[in-house]
Amino acid sequence: MARYSESTTMVITEPSGNEDSDSESKLCGKILVFLSWLLVILTMPFSLFICFKVVQEYERAVIFRLGRLLSGGAKGPGIFFILPCIDTYARVDLRTLTYDVPPQEVLTKDSVTVSVDAVVYYRVHNATISIANVENAHHSTRLLAQTTLRNTMGTRPLHEILSERETISGNMQISLDEATEAWGIKVERVEIKDVRLPIQLQRAMAAEAEAAREARAKVIAAEGEQKASRALREASEVIGDSPAALQLRYLQTLNTISAEKNSTIVFPLPIDLLTYFLKAREAS
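Residues numbered from 1 in each chain as written. Predicted model: local features only at pLDDT ≥ 70, side-chain atom pairs only at ≥ 80, totals over all residues. Heavy atoms only, no water.

- If you look the chain up in an unreviewed UniProt entry, it shows as Band 7 domain-containing protein from Iphiclides podalirius.
- Looking at the Subcellular location (unreviewed entry) heading of the UniProt record, one finds this comment for the chain: "Membrane".
- Per UniProt, the chain carries the Sequence similarities (unreviewed entry) text "Belongs to the band 7/mec-2 family." (UniProt positions renumbered as here; feature names shortened; annotations may be inferred.)

This is the structure in structure tokens:
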């Protein structure tokens with residue numbers, strides 16, 4: 001085979017050993033295929049039980065003939081034909097699989113150790129690539145899911161991990177899907193199941209939350225006392241402008257006390273009345 005350089009007129013010749021080996025392998029392959037067909041014909045109808053295979057609706061068959069992928073892609077679903085002795089095939093399940101990621105001890109960005117576990121849903125979308133491009137697509141995807149979970153959690157502080165689970169799950173799903181595209185795997189969904197904190201950290205966060213709730217309760221109570229005092233001041237101004245209003249309020253109070261069926265009723269006396277009697281006694 002000749003190759004010409006653009007800058008010079010020198011002709012570079014390359015050995016044609018690869019072409020010779022390819023032609024020899026093709027010739028041997030044709031001979032073996034012919035012998036296999038001859039064996040099928042001679043052993044009929046018993047050979048049909050070996051040559052015809054069936055795969056389910058959710059399966060595909062990737063066929064190799066003399067170590068090479070058979071043209072036409074994966075076969076199935078249904079019945080397909082293989083030649084004895086020279087054809088081998090692998091079944092590939094196309095259903096969605098669920099992988100429960102084991103709990104991973106992760107050191108967050110703010111140096112807090114947490115235990116995180118997740119669930120990954122994935123499926124094979126290209127059976128041929130999943131067999132030809134990677135040794136074990138399922139095992140590789142599961143190991144990558146564990147590593148991606150650790151790497152993603154290690155770049156985020158604790159408060160983001162606890163409050164932004166959906167965002168983190170979406171980023172993990174995109175990252176895994178891009179990495180497994182070359183393996184014929186489609187990652188459909190990633191969900192973070194649980195984030196477990198150390199016991200001491202849980203107690204500290206609980207104490208912090210309790211203190212914050214108590215502080216808010218005190219602020220709310222103080223605001224209520226302030227509003228109540230303003231309302232009482234306005235009521236006293238209204239009653240001070242009208243003495244009859246004080247008498248009506250006095251009667252309403254007596255009505256409320258008598259409605260509770262008490263055996264003893266206390267009648268409050270105005271201070272002005274007592275002052276009048278005291279002045280009369282001093283005068284006498």
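1. Focus on the packing of helix α4 (residues 137-154) against helix α6 (residues 165-180)
- Their axes nearest at 10 Å, the elements α4 and α6 cross at an angle of 140 degrees. Between α4 and α6, the interaxial angle falls into the category oblique. In the crossing of α4 with α6, the sense of the turn from one axis to the other is right-handed. From α4, T141, L144, A145, T148, L149, T152 and M153 reach across to α6, where they touch I168, M172, S175, L176, A179 and T180.
- Here the contact of α4 with α6 is built from residues that sort into 8 nonpolar, 5 polar and no charged. (Axes fitted to C-alpha atoms, helices over the stretch in contact; angles between N-to-C directions. Helix = DSSP H or I, 4+ residues; strand = E, 2+ residues; numbered from the N terminus. Parallel < 35°, antiparallel > 145°, perpendicular 65-115°, else oblique. Left-handed = near helix turned anticlockwise from the far one by under 90°. Contact = heavy atoms within 4.5 Å. Nonpolar A, V, L, I, M, F, W, Y, C, P; charged D, E, K, R; others polar.)

2. Details of the side chain of E59
- Examined against the element boundaries, E59 turns out to sit in strand β4 (residues 59-65).
- Separated by 3.2 Å, the side chains of E59 and R91 make a polar contact.
- Ignoring sequence-local partners within four residues, the contact set of E59 consists of P77, R91 and V92. (Polar contact = N/O pair within 3.5 Å; in protein donor to acceptor, adjacent residues only side chain to side chain.)

3. Quick look at the sheet that holds strand β5 (residues 68-69)
- The strand order across the open sheet formed by 3 strands is β5-β4-β7, and the pairing between neighbours is antiparallel. Strand pairing shows two members of the sheet lacking a second neighbour, β5 and β7 (87-93), which therefore form its edges.
- The pairing of β4 with β5 spans 2 bridges and is antiparallel. Bridged to R65 within β5 is R68. (Pairing = 2+ DSSP bridges.)

4. What to know about the packing of aromatic side chains
- Per the counting criterion, the structure on display carries 3 aromatic pairs.
- Each member of the aromatic cluster is reached from another via a ring pair, and the members are W37, F52 and F81. (Phe/Tyr/Trp six-rings, centres within 6.5 Å; stacked < 30°, edge-to-face > 60°.)

5. Details of the pairing of strand β9 (residues 113-124)
- Counting buried positions along β9 gives 9 out of 12 residues, so the element sits mostly inside the fold.
- Direction of pairing for strand β8 (residues 97-107) relative to β9: antiparallel, over a ladder of 9 bridges. Bridging across to β9, L107 finds its partner in T113.
- What sits between the antiparallel neighbours β8 and β9 is a turn of 5 residues, in which S111 has the positive phi angle 60 degrees.
- Looking at chain direction, β9 and strand β10 (residues 185-196) are connected through 10 bridges and run antiparallel. Across the sheet, the residue bridging to V124 is I185, located in β10. (Buried < 20%, exposed > 50% of the residue type's maximum accessible area, 1.4 Å probe, protein only.)

6. Thoughts on the UniProt feature "transmembrane region" (unreviewed entry) in the chain
- The positions UniProt marks with the feature "transmembrane region" (unreviewed entry) are residues 31-55.
- In this annotation, residues 31-55 is assigned 64% helix and 16% strand; the end-to-end C-alpha distance for the span is 29 Å.

7. Examining the sheet that holds β8
- Read from one edge of the open sheet, 3 strands run β8-β9-β10, paired in antiparallel fashion. In this open sheet, the two strands that pair with only one neighbour each are β8 and β10. For this sheet, the mean angle separating the axes of adjacent strands, direction not counted, is 25 degrees.
- Where α4 meets the sheet, it contacts β8, β9 and β10, and its direction lies at approximately 35 degrees from that of β8.
- Lying over the sheet, α6 contacts β9 and β10, oriented at roughly 145 degrees with respect to β10.

8. Describing unusual backbone geometry
- The peptide bond linking M44 to P45 adopts the cis configuration, its omega dihedral lying at 0 degrees.
- For P45, the position within the fold is in the loop between α1 (17-42) and α2 (48-51).
- Note the cis peptide between G76 and P77, where omega equals 0 degrees.
- As for its placement among the helices and strands, P77 is situated in the loop between β5 and β6 (78-81).
- The phi torsion at C85 lies on the positive side, around 75 degrees, for a residue other than glycine.

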